[in-house]
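Spelled out, the chains give:
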Amino acid sequence: MNDVVRLDAVSKVYGRGPNTVFALREVSIGIPHGSFTAVMGPSGSGKSTFLHCAAGLDHPSSGSVRLGGTELAGMNETELTELRRKRIGFVFQAFNLVSSLTVTENITLPLKLAGVRVDRSWLEEIVNRVGLAGRTGHRPGELSGGQQQRVAIARALVTRPEVVFGDEPTGALDTITARDVLTLLREVVTTMGQTVVMVTHDPVAASYADTVLFLADGNVVDAMAAPSAEKVADRMTRLGAWV
Ligand SMILES: Nc1ncnc2c1ncn2[C@@H]1O[C@H](COP(=O)(O)OP(=O)(O)OP(=O)(O)O)[C@@H](O)[C@H]1O
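Quick caveat, the model's predicted, so the values are computed rather than measured. (Residues numbered from 1 in each chain as written. Predicted model: local features only at pLDDT ≥ 70, side-chain atom pairs only at ≥ 80, totals over all residues. Heavy atoms only, no water.)

## Describing the packing of aromatic side chains
1) Next: By the definition in use, this model includes 2 aromatic pairs.
2) Next: Each ring, one from Phe 90 and one from Phe 92, has its centre 5.8 Å from the other, and the planes form 5°; the classification is stacked.
3) Next: Relative accessible area serves as the criterion here: at 15%, Phe 90 is assigned to the buried category.
4) Next: Taken together, the ring pairs in this structure connect Phe 90, Phe 92 and Phe 165 into an aromatic cluster.
5) Next: Positioned above the aromatic ring of Trp 122, the side-chain terminus of Arg 160 is 4.1 Å from the ring centre. (Phe/Tyr/Trp six-rings, centres within 6.5 Å; stacked < 30°, edge-to-face > 60°. Buried < 20%, exposed > 50% of the residue type's maximum accessible area, 1.4 Å probe, protein only. Lys NZ or Arg CZ within 6 Å of the ring centre and 35° of its normal.)

The structure is reproduced here in structure tokens:
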């Protein structure tokens, strides 16, 4: 089995009685090692719920979520926090950097929280890869949005996680800067063998992935390999996303 993340019959139900919402309906899917996956779907289709369940940020109502060989179902909050800290990287739309810390301090924060020593040569490699050499002493407020997202990507990579999850990582960036950040994420997959899963509304962003998963009404309804922005946009239109 070459899947880094594996969901089997994962359902997430909110509310009860007439207010019941099925955010995910028995979703079964594997994310292969070293792949770049985009998750798309109309508003309310279950993308955030999928990401949160797959990343151990939320408990499914039923079903199995495995990271590597580890079953997440049944883990308590402390165990999940530890697992996320050590084995998962996150990149959010809002960067979520600590404004009082320098670039280096922000990048190495997950190691500090996990009580792990900084591997200086790995840190240097990451800083170079994300193009932040020469900026390491700056604070987030002194950086552009694209540079801040590069810090967040470096921070997500520093623990050598098994998978990096992105929640609209380019949602707050202008078109050109977004392309730079997507190119970086693509490189991280192609040259470092990192596994990346990214929720996005943007067909251009999705076209950087190897595979696009389409969600509709809590189901994975399609998977598109070798996506182009046009093909993704067309599929979204047929899902009724933009009518
Ligand atoms: N805490 C909650 N309580 C009740 N219903 C919820 C909750 N969170 C999500 N939902 C519902 O679950 C469904 C899926 O929501 P989710 O946020 O996963 O969709 P999404 O595809 O990420 O949407 P968007 O693109 O608008 O962010 C929606 O119908 C939503 O209203």
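## A short note on the side chain of Arg 84
1) Next: With respect to the helices and strands, the residue Arg 84 is situated in helix 2 (residues 77-87).
2) Next: Although buried, Arg 84 forms no salt bridge, and the nearest oppositely charged side chain, Glu 77, lies 4.7 Å from it.
3) Next: Beyond its immediate sequence surroundings of up to four residues, Arg 84 is in contact with Ala 55, Gly 56, Leu 57 and Phe 90. (Helix = DSSP H or I, 4+ residues; strand = E, 2+ residues; numbered from the N terminus. Lys, Arg positive; Asp, Glu negative; His and termini not counted. Salt bridge = Lys/Arg side-chain N within 4 Å of Asp/Glu carboxyl O. Contact = heavy atoms within 4.5 Å.)

## Topic: the pattern of salt bridges
1) Next: Tallying each qualifying case throughout the model produces 12 salt bridges.
2) Next: Notably, a salt bridge pairs Arg 25 with Asp 217, separated by 3.5 Å at the nearest N-O pair. In this pair, Arg 25 sits in strand 2 (residues 21-32) while Asp 217 sits in the loop between strand 9 (211-216) and strand 10 (219-225), placing the two residues 192 residues apart along the sequence.
3) Next: Residue Arg 25 is classed as partly exposed on the basis of its relative accessible area, which comes to 31%.
4) Next: Asp 119 is paired through a salt bridge with Arg 160; the nearest N and O atoms lie 3.3 Å apart. A residue pair is termed long-range when its members are at least 10 positions apart, and Asp 119 in the loop between helix 3 (103-114) and helix 4 (120-129) and Arg 160 in the loop between helix 5 (145-157) and strand 7 (163-167) qualify at 41 residues.

## Re the pairing of strand 2
1) Next: Both strand 1 (residues 3-14) and strand 2 contribute to a ladder of 8 bridges, which runs antiparallel. Each residue of the ladder has a partner; that of Val 13, found in strand 2, is Phe 22.
2) Next: Adjacent in sequence and paired antiparallel, strand 1 and strand 2 are bridged by 6 residues, among which Gly 15 carries a positive phi angle near 70°. (Pairing = 2+ DSSP bridges.)

## Topic: the site of the ligand
1) Next: Within the structure, the ligand sits among Tyr 14, Val 21, Ala 23, Pro 42, Ser 43, Gly 44, Ser 45, Gly 46, Lys 47, Ser 48, Thr 49 and His 201.
2) Next: One of the backbone nitrogen or oxygen atoms of Ser 45 is found 3.1 Å away from an oxygen atom of the ligand.
3) Next: At 2.9 Å from an oxygen atom of the ligand is found a main-chain nitrogen or oxygen belonging to Ser 48.
4) Next: Coverage of the ligand by the protein chains reaches 58% of its 640 Å² of free accessible surface.
5) Next: Among the elements of the structure, strand 2 and helix 1 (47-54) are those that each provide at least two residues to the shell around the ligand. (Near = heavy atom within 4 Å. Polar contact = N/O pair within 3.5 Å; in protein donor to acceptor, adjacent residues only side chain to side chain. Areas by Shrake-Rupley, 256 points an atom, 1.4 Å probe, with all protein chains shown as cover.)

## Description of unusual backbone geometry
1) Next: For Ala 9, which is not glycine, the phi torsion reads 50° and is therefore positive.
2) Next: As for its placement among the helices and strands, Ala 9 is situated in strand 1.
3) Next: Judged by relative accessible area, which is 30%, Ala 9 ranks as partly exposed.
4) Next: We note that Phe 95 has phi near 65°; this positive angle belongs to a residue other than glycine.
5) Next: With respect to the element layout, Phe 95 can be found in the loop between strand 6 (88-92) and helix 3.

## Things to note about the packing of helix 3 against helix 5
1) Next: The contact between helix 3 and helix 5 brings their axes to 7 Å, and the two run at 35°. Regarding helix 3 and helix 5, the two cross each other, and that crossing is right-handed. Facing helix 3, whose interface residues are Val 103, Asn 106, Ile 107 and Pro 110, helix 5 presents Val 151, Ala 154 and Arg 155.
2) Next: Tallied by class, the residues present in the contact of helix 3 with helix 5 amount to 5 nonpolar, 1 polar and 1 charged. (Axes fitted to C-alpha atoms, helices over the stretch in contact; angles between N-to-C directions. Left-handed = near helix turned anticlockwise from the far one by under 90°. Nonpolar A, V, L, I, M, F, W, Y, C, P; charged D, E, K, R; others polar.)

## Focus on the nonpolar core
1) Next: Counting residues in hydrophobic clusters, the biggest one holds 44 residues, and the most contacted among them are Phe 36, Ile 107, Ile 153, Val 212 and Val 232.
2) Next: Leaving out residues up to four positions away in the same chain, Val 212 has contacts with Ala 38, Met 40, Ala 206, Asp 222, Ala 223, Met 224, Pro 227 and Val 232.
3) Next: With 28 residues, the next largest nonpolar core counts Val 5, Val 65, Phe 90 and Phe 165 among its residues. (Core = buried A, V, L, I, M, F, W, Y, C linked by side-chain atoms within 4.5 Å.)

None of this, on its own, says anything about what the molecule does.
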